[in-house]
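Summary of structural features
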Amino acid sequence: MFSNNDMISSRQIKRLLIFDLFGISSLLLPAQLAGTGGGMGIWCILAGTGLAFFYLWMLQICLGRAVQDYLEYLSQGFGTFLAKLFYVCYGLICITAGAYTAKLLSELMCESLLDSREFPVALLIVLLLALYGGIAGLEARARVYEILFWVLVIPLLVMLALCVRQVQAIQWFPIAGHMGEEAAMGFWSGAWRCFMAFLPLTFLLFLVPNVKDKKKTSYAAVCALTVSGLALCIIYLILLGIFGSRALMQEQYPIITLMGMVKIPGEFIKRLDALMVGVWFFTLYAMIGSSLYYGVSILRRAFAKSAADKNAAQKNEPYKKSCYFAAAAAVYGIAYGFYLLPETEHLAGRLFAYIGVPFLMLVPMLSLFLCRGKAHNKGSRVRTNETDHDERKGVDEC
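Scope of this entry: the structure provided in the associated data block. Counting restarts for each chain, with residues numbered from 1 along the sequence as it is written. Restriction of local features to residues with pLDDT of at least 70 applies here, the model being predicted, together with a cutoff of 80 or more for giving and counting side-chain atom pairs; totals for whole chains, interfaces and linings are based on all residues. As a rule here, side-chain values cover all heavy atoms of the structure and leave hydrogens and water aside.

When a carboxyl oxygen of Asp or Glu is within 4 Å of a side-chain nitrogen of Lys or Arg, the pair counts as a salt bridge. Inspection of every chain in the model, using the stated rule, returns 6 salt bridges. A salt bridge links Glu146 to Arg11; the shortest N-O distance between them is 2.4 Å. Highlighted residues: Glu146 in helix H5 (residues 138-164) and Arg11 in helix H1 (residues 10-33), separated in sequence by 135 residues. Residue Glu146 is classed as buried on the basis of its relative accessible area of 18%. Elements are defined by DSSP. Helices are runs of H or I of four residues or more, strands are runs of E of two residues or more, and each kind is numbered from the N terminus. The rule is simple: take the accessible area with a 1.4 Å probe, protein chains only, and divide by the maximum for that residue type; under 20% is buried, over 50% is exposed, in between is partly exposed.

See the structure below:
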């Protein structure tokens, strides 16, 4: 028997975060980083991971200070209106990120398994599955991915091990890339892209009501980021050593192409690339489910008067389902718009890179200074009141 109270363990948090971080980063970043030249991409990954660790450090402090939820914490320093406005922005970012990931997964399915004309149907199926997972709740999704974790990881490790013998280390050089101003700009651009791929760490802020031990939650996030960064480094070196930087740049999904090149002894499995697409199907699907779940939860919390009102609305099943259906419809519309009008996707990407990412970084950073003082003063007032009460009680007893 399993409980269904939306409380999840640190192990489940770690595996959910690994799925969220690994999918898009391993699918898109290797081809994008190959343009930096030679082995410069590996330094971009390390720099981006370092930025992600700094970002995670800020999130851990915010997580430790938030007592009830992140909105109450932000309200201490920014006021209720700004805190709710920030929450609306967080919710819209989650919905847009879910739409982009749904469009990416649907294109991957059409390219590997279906036909491009079936994109609307593939997108609809993906979002119906995500809708079902969102309505089922956080705990149900966490249990599913806890079971699937090793089922997906072990075949991937075997496939990568079989690829190692094809790696030509000479392709990694020059290990420091090319020198010059253009190379420096390419390095920082690559590092920024890597950091953006690790931004699902932001979901950690909204787990306050769903975890019991915040220290274990923070440790789980550190483990997830470490594993994801290490996996990205290994995959990039394997792809660069096999394809070379020029050929790697031309591949849309190089890791999927690599899976199709692997020869298993006996050749008893045909279309191995189609089989291994399942790994990225579940990782991208996890990201879609997380974006949909947190997007709905964040927006409902932003428009609720208090956390108690949000919890009461959580028990109202028709209202809960209507919110998820509306969010799924919005995700479908945005994703289909990205597919029909690629320029809108590029515009959304630029807006996210130049406005969304600074927003996600600045809000926790500013809260470290603005929210700490009021929380400290509030605690001081509580301790002062308790001290005064104890003194009055002592005088009365005398």
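Don't stop here, the text continues.
Bringing the packing of aromatic side chains into the picture now. Pairing of aromatic rings covers Phe, Tyr and Trp, the last through its six-membered ring, and needs centres within 6.5 Å; plane angles under 30 degrees mean stacked, over 60 mean edge-to-face, and all others mean tilted. Going through the model one piece at a time under the given rule, you end up with 27 aromatic pairs. Taking 6.2 Å as the distance between ring centres and 15° as the angle between the ring planes, the aromatic pair formed by Tyr336 and Tyr339 counts as stacked. Of the two residues, Tyr336 and Tyr339 are both situated in helix H12 (residues 317-340); the distance of 3 residues between them amounts to about one turn of the helix. In this structure an aromatic cluster arises from ring pairing among Tyr70, Tyr73, Phe78, Phe86, Tyr87, Tyr90, Phe206 and Phe359.

For helix H3 (residues 70-112), which comprises 43 residues, the first-to-last C-alpha distance of 41 Å sits more than 12% below the rise-based estimate of 63 Å (1.5 Å per residue). The sharpest bend along H3 comes to roughly 125°, located at Phe78. Working rule for helices: expected span equals 1.5 Å times residues minus one. Note on bend: at a given residue it equals the angle between the axes fitted to the 7 residues ending there and to the 7 starting there.

This brings us to the state of the cysteines. When the sulfur atoms of two cysteines come within 2.5 Å, that pair is taken as a disulfide. Applying the stated criterion to the full structure yields 0 disulfides. Left without a disulfide partner, Cys233 is nearest to the cysteine sulfur of Cys194, which lies 8.4 Å away.

Right, let's talk about the side chain of Glu345 for a bit. The topology assignment puts Glu345 in helix H13 (residues 342-397). Beyond its immediate sequence surroundings of up to four residues, Glu345 is in contact with Tyr100, Lys103 and Phe338. Contacts are residue-level and defined by heavy atoms, with any inter-residue pair within 4.5 Å sufficient.

Moving on: the layout of surface pockets. Of the voids in this model, the largest pocket is the one considered here, and its volume is about 1600 Å³. Among the elements of the structure, H1, H3, helix H6 (181-197), helix H10 (272-303) and H13 are those that each provide at least two residues to the lining of the largest pocket. For the lining of the largest pocket, the leading source of residues is H13, giving 13 residues. Under this grouping Gly is polar, as are all residues other than the nonpolar Ala, Val, Leu, Ile, Met, Phe, Trp, Tyr, Cys and Pro and the charged Asp, Glu, Lys and Arg. Broken down by class, the residue content of the lining of the largest pocket amounts to 30 nonpolar, 10 polar and 6 charged. Within this scheme a cavity is a closed region of a 1 Å grid, computed over the protein atoms alone, that accommodates a 1.4 Å probe without allowing it to escape, whereas a pocket is open but has protein on both sides within 12 Å along at least five of seven lines; lining residues each have an atom within 4 Å of a point. Grid points are joined across faces, edges and corners, and a volume is the space filled by probe spheres set on the points.

Let us now look at the nonpolar core. For our purposes a nonpolar core is just a set of buried Ala, Val, Leu, Ile, Met, Phe, Trp, Tyr and Cys residues, chained together by side-chain atoms within 4.5 Å. If you look at the biggest cluster of nonpolar residues, it comprises 125 residues, and the most contacted ones within it are Leu27, Tyr70, Tyr90, Ile255, Leu258, Trp280 and Tyr294. Counting residues per element, this core draws most heavily on H3, at 18 residues. Beyond its immediate sequence surroundings of up to four residues, Tyr294 is in contact with Cys94, Leu138, Phe203, Phe206 and Leu207.

Let us look at the packing of helix H7 (residues 214-243) against helix H9 (residues 254-261). For helices, the fitted line uses only the C-alpha atoms of the stretch in contact; every axis is such a line through C-alpha atoms, and the angle between N-to-C directions lies from 0 to 180 degrees. At a closest axis distance of 11 Å, the pairing of H7 and H9 adopts a crossing angle of 65°. Overall, the two elements H7 and H9 adopt an arrangement that is roughly perpendicular. Here H7 runs over H9; the crossing is left-handed. Contact residues: H7 offers Ile235, Ile238, Leu239, Ile242 and Phe243, while H9 offers Pro254, Ile255, Thr257, Leu258 and Met261. When the residues that make up the contact of H7 with H9 are grouped by side-chain class, the tally is 9 nonpolar, 1 polar and no charged. An angle below 35 degrees is treated as roughly parallel, one above 145 as roughly antiparallel, one from 65 to 115 as roughly perpendicular, and anything else as oblique. A clockwise turn of the near helix away from the far one marks a right-handed crossing, whereas an anticlockwise turn of less than a right angle marks a left-handed crossing.

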